[in-house]
Structure formats: structure tokens, C-alpha cells
Amino acid sequence: MRRQLRILFHLLLMVTTFFTTTWAGSEWVTGKNVWMENYSMADFYVGMHFSIPFLLILTFHEFGHYLTARLNHVPSSLPYYIPLPPFPLSIGTLGAIIRLRSRHITIREHFDIGIAGPLAGFVIALIILIYGFLTLPPPEYIFQIHPEYEKYGLGYADYVYENQEGIIDIFIGKNLLFLLLEHLLADPARMPNPHEIMHYPYLFAGFLALVFTSLNLLPVGQLDGGHVLYGLFGYRIHRVVASGVFMAFMFYAGLGFVHPALPAGELWWYVAGYGFFLYLSFTGLGLPPRETLMYTLLIFALQLGLTWLIPGIKGYHGWLLFGFILGRLIGITHPKAAWEEPLTPTRKILGWIALVIFVLTFTPNPIEISTP
């Protein structure tokens, strides 16, 4: 009975996430708020063009972990889907997770379970992106979403993005794989402007999937990429590489957050608050407090100095929260496996493929939002 209730709970989370991602998808695609009077079932159906492919990718990712854990006889929960209410700029979910119910896992099991999810999700994301690029609607499609653009014709981009007073502007960044597929598959006349990609549900779902794949494959801690790195190189090299990647990630994320040109009163508050934030994040390195403080001051000084030397330089501040979660909740180092068995040649090849996928899918600035 308890097992049946647990399965029902997982299904409830999955169904709820379907509705929240569909509502969110319809907002991204149509530009209509769920709570507007003119929101209709037709808009909900449009949102399904985003939610179904996105949840398909997420499901393959999580069941890649789950089935591999079962094959390795590692007790595991079914995926917990995490719904998110349809507030502005939400994608309707925080993803999904599984829980491994065993602490005694070998290095091979860590590797197999870690790599199976992103590889499975990546294959589905690739298929969906290929479909999206090959089935792009005519360029006039954008006038259904933005009828106000029609007066400018297909050259609207030369006018609307510079003169959108009082309007939130959203710009979708691109990674190497997205650019490659666009170059190989897309009809240039139909390819949407980067400011409008969110209105193309298959491209947007596939793009977001690549972003989340790259974050999962970040070679840090117990992320999927951390398991891969640990399996390929062992505990000592993992600790060095993961620490370096994490500090580089936080350096880029916070670049330009504190600017020396700020008024003196504001600058001190920014310095104190951001410095404390960095220190808390860097505690995940597992170093003594003095060394943690030293690295905090080093990264902060480099960020401040580069911002002073190159005015206007800026990283992607959206990564700061993710970095904080890595440092405080997930951790940067990887616990030692119960058994340090070497990987087979096939597994090593898959591990290097996963690292290449990380490079191809990492997007430095995935979504930039300019507020009026």
C-alpha cells in the first residue's frame, strides 16, 4: 500500500509539472499571461508544444539515472518532478531528481548512474532541436505574436529592439551546438531573431535542455559531470579540477557585479554583502577558514580589478545563485567511492564524450533580460 501511495505521489508531481510547464510554455510562446481574460484553451494547447518535448527530455534524463541505478542494483526512488507556479519568466519547473538510497556505491556505479542521465536527455534534445530547425514556420509567423512588428515588415529588427520603452526585452544566447545546428539545418530566411526564439517552442525547449545538460555536466562535486570526472581521473585530480572550475565559474558569474564607479555609500554595502556571499559559496571547497578567505579575496580582487580596467565588462549574474547552491548545498569535492575500481575503455570513451558535450552545450549567457 505504501509503495502504491509513493507511485501515486510521483505521478501527481509529474501531472502537476505537465500543467505548470504547459502554462509557462504558452506564456513564452504567445506572450499572453495565464491570468489574462483572453487566455484560452487554444493558448494552453500551444503551450503543449513546449511542455511535451521539454518534459520528454527531462524524463529520459531522469529515467536514464533511475534505470541505470536499478541495473547496478543500487536502490533508487522514482523521479521527483518539481513543479513551479506560472509566474512571469518561469519555465514551470525546477527539473526533477531521484534519490539514491545507498551510500556504498563503487566508482563504476557512480560513473554509470551519473553519465546515463545527461547522455539520454542529450540524444532526445538533439532530435527535438533537429526537428525544430527543419520545421521552422515562415518568417511572417512572428507577426502572430507581435502584430505591432508588421508595420516594419520583415526588417522589424532594425527598429523595434532599440525603441521598446517600458517593455521587458529578452535575448536568448547560443552555445556551440545550437550555432552548429542552425548553420547546418536552418533556412536563414526563417531563422528567428535571438530576441524571439522563446516564441518557437521546439527550439526553446531544446535550447533550455542543452543549458540544463551543460549544468549537469559541470565537472564539480556530485553533479553528473562530477561523477564523470571522478570516474576518469580519481579523487585527487577531481578535487583540483573541480575546485578550479568552480572558482572560474564564480569569477565569471560575478564579474561586474560590484563596480568601483558606484557611489561610496553603495559601494561599501555591495563589497560587504557580495564578499560575504562569495565566502559562503567558497566554503564548499572544504578548505580551512583562512584559505577560504584567501581565495574569496583573490577572486573578488580580480573581479574588481578587471571591471576597473575594462569598464562595461560583465559576466552572467544569473549563475551566482547556482554557484551558491553548489558551494553550500552540493559541495565541490566528491566523496571517496566505496571501491576505487578502474573504468573499462568503453566507459572512458563515454566519459570523454560527456566532457565534449559539456563544452558544446555550455552557454555563458543563456537568457539576458533587459528591464525598462
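Just above, that's the structure.
The model shown is predicted, which means the values in this text are computed figures rather than measured ones.

Calculation notes
Residues numbered from 1 in each chain as written. Predicted model: local features only at pLDDT ≥ 70, side-chain atom pairs only at ≥ 80, totals over all residues. Heavy atoms only, no water. Helix = DSSP H or I, 4+ residues; strand = E, 2+ residues; numbered from the N terminus. Rg over C-alpha atoms; globule rule 2.2 N^0.38 Å. Buried < 20%, exposed > 50% of the residue type's maximum accessible area, 1.4 Å probe, protein only. Contact = heavy atoms within 4.5 Å. Phe/Tyr/Trp six-rings, centres within 6.5 Å; stacked < 30°, edge-to-face > 60°. Patch = residues over 30% accessible without salt bridge, like charges linked within 9 Å, V, L, I, M, F, W, Y side chains within 5 Å. Areas by Shrake-Rupley, 256 points an atom, 1.4 Å probe, with all protein chains shown as cover. Salt bridge = Lys/Arg side-chain N within 4 Å of Asp/Glu carboxyl O. Lys, Arg positive; Asp, Glu negative; His and termini not counted. Charge placed at Lys NZ, Arg CZ, Asp CG, Glu CD. Axes fitted to C-alpha atoms, helices over the stretch in contact; angles between N-to-C directions. Parallel < 35°, antiparallel > 145°, perpendicular 65-115°, else oblique. Left-handed = near helix turned anticlockwise from the far one by under 90°. Nonpolar A, V, L, I, M, F, W, Y, C, P; charged D, E, K, R; others polar. Expected span 1.5 Å × (residues − 1). Arc of directions from axis to C-beta.

J.: Explain the overall build of the protein to me, please; I cannot follow it from the model alone.
T.: Within the protein, the secondary structure is distributed over 12 helices and 4 strands. Compactness check: the protein gives a C-alpha radius of gyration of 22 Å against a globular reference of 21 Å for 372 residues, within 12% of the reference. The burial tally for the protein puts 48% of its 372 residues in the buried class. For the protein, contacts bridging at least 24 residues in sequence account for 76% of all contacts bridging at least 6.

J.: Would you explain the packing of aromatic side chains in this entry?
T.: For any pair of aromatic rings, the description consists of the separation of the ring centres together with the inter-plane angle of the planes. All chains considered together, the criterion is met by 30 aromatic pairs. Aromatic pair Phe-19 and Trp-23: ring centres 5.9 Å apart, planes at 45 degrees, arrangement tilted. One end of the pair, Phe-19, and the other, Trp-23, are both in helix α1 (residues 2-30), 4 residues apart, so they sit about a helical turn from each other. Among the residues examined, Phe-19 registers a relative accessible area of 35% and is labelled partly exposed. According to the relative accessible area criterion, Trp-23 is partly exposed, its value standing at 29%. In textbook terms, an aromatic cluster arises when at least three aromatic residues are bridged by ring pairs, as seen for Phe-249, Tyr-316, Trp-319, Phe-322, Phe-358 and Phe-362.

J.: Quick question: what am I supposed to make of a positive patch on the surface here?
T.: Together, Arg-2, Arg-3, Arg-6, Arg-70, Arg-99 and Arg-101 make up a region of like positive charge exposed at the surface. At 3 residues, the largest contribution of residues to the positive patch is made by α1. Inspection of the secondary structure puts Arg-70 in helix α2 (residues 41-71).

J.: Would you mind going over the side chain of His-65 with me for this structure?
T.: In this structure, His-65 sits in helix α2. Not counting residues up to four positions away in its chain, the partners in contact with His-65 are Ile-98, Ile-113, Gly-114, Ala-116, Gly-117, Pro-118 and Asp-224.

J.: Can you walk me through the pattern of salt bridges in this structure?
T.: Side-chain pairs of opposite charge can arise whenever the charged atoms involved come near each other. Under the defined criterion, the tally for this structure stands at 5 salt bridges. Across the pair Arg-190 and Asp-187 runs a salt bridge whose closest N-O atoms are separated by 3.9 Å. Residue class for Arg-190 comes out partly exposed when judged on its relative accessible area of 31%. With a relative accessible area of 37%, Asp-187 lands in the partly exposed category. Put simply, Arg-108, Asp-112 and Arg-347 are held in one network by salt bridges that share partners.

J.: So what exactly am I meant to see when it comes to unusual backbone geometry here?
T.: Glycine aside, residues mostly have negative phi, and peptide bonds are mostly found in the trans state. With a phi close to 60 degrees, His-73 is a non-glycine residue in the positive phi region. With respect to the element layout, His-73 can be found in the loop between α2 and β1 (80-83).

J.: I tried to follow the environment of Ile-330 on my own but got confused; where do I start?
T.: Relative to the assigned elements, Ile-330 resides in helix α11 (residues 319-330). Residue Ile-330 is classed as partly exposed on the basis of its relative accessible area, which comes to 32%. Once the C-alpha coordinates of Ile-330 and Gln-222 are considered, the two residues, 108 residues apart in sequence, prove to be 6.8 Å apart. Those residues in contact with Ile-330, other than ones at most four positions away along the chain, are Gln-222, Leu-223 and Ile-325.

J.: So what exactly am I meant to see when it comes to the packing of helix α3 (residues 107-134) against helix α12 (residues 345-361) here?
T.: Interhelical geometry of α3 versus α12 gives an angle of 45 degrees and a closest axis separation of 11 Å. Between α3 and α12, the angle falls in the class oblique. Where α3 crosses over α12, the two elements pack in a sense that is left-handed. For the pair α3 and α12, contact is made by Arg-108, Phe-111, Asp-112, Ile-115, Leu-119 and Phe-122 and by Arg-347, Leu-350, Gly-351, Ala-354, Ile-357 and Thr-361, respectively. Here the contact of α3 with α12 is composed, by residue class, of 7 nonpolar, 2 polar and 3 charged.

J.: Even after reading the chapter, I still don't get the packing of α2 against α3, so can you show me in this structure?
T.: Angle between the axes and distance between the axes: these two values describe a pair of packed helices. Two elements in contact, α2 and α3, have axes separated by 7 Å at closest approach and are oriented at 155 degrees. The angle between α2 and α3 places the two elements in the roughly antiparallel class. The chirality of how α2 crosses α3 is right-handed. Where α2 approaches α3, its residues Pro-53, Leu-56, Ile-57, Phe-60, His-61, Gly-64, His-65, Thr-68 and Ala-69 are matched on the opposing element by Asp-112, Ile-113, Gly-114, Ala-116, Gly-117, Pro-118, Ala-120, Gly-121, Ile-124, Ala-125 and Ile-128.

J.: How should I be thinking about α12 in this particular structure?
T.: Since the α-helix advances by 3.6 residues per turn, residues separated by three or four positions end up pointing in the same direction. Helix length check: α12, at 17 residues, gives a terminal C-alpha distance of 24 Å against a target of 24 Å (1.5 Å per residue), a fit within 8%. All buried positions along α12 are accounted for by Arg-347, Gly-351, Ala-354, Leu-355, Ile-357, Phe-358 and Thr-361. Angular distribution of buried residues about the axis of α12 spans 155 degrees; they occupy a single face of the element. What points out from α12, more than 90 degrees from its buried face, is the exposed set Pro-345, Thr-346 and Ile-349. In this structure, the buried residues of α12 make contact with α3, α6 (176-185), α7 (201-216) and α8 (224-254).

J.: Sorry if this is basic, but what is going on with a nonpolar patch on the surface here?
T.: On the surface, Leu-176, Leu-179, Val-356, Val-359 and Leu-360 cluster together into a nonpolar patch covering about 410 Å² of accessible area. The element best represented in the nonpolar patch is α12, accounting for 3 residues. Mapping Val-359 onto the fold places it in helix α12.

J.: Would you take a moment to explain the side chain of His-195 for this structure?
T.: In this fold, His-195 is placed in the loop between α6 and α7. Those residues in contact with His-195 that lie beyond four places of it in its chain are Tyr-161, Asp-169, Ile-170 and Phe-171.

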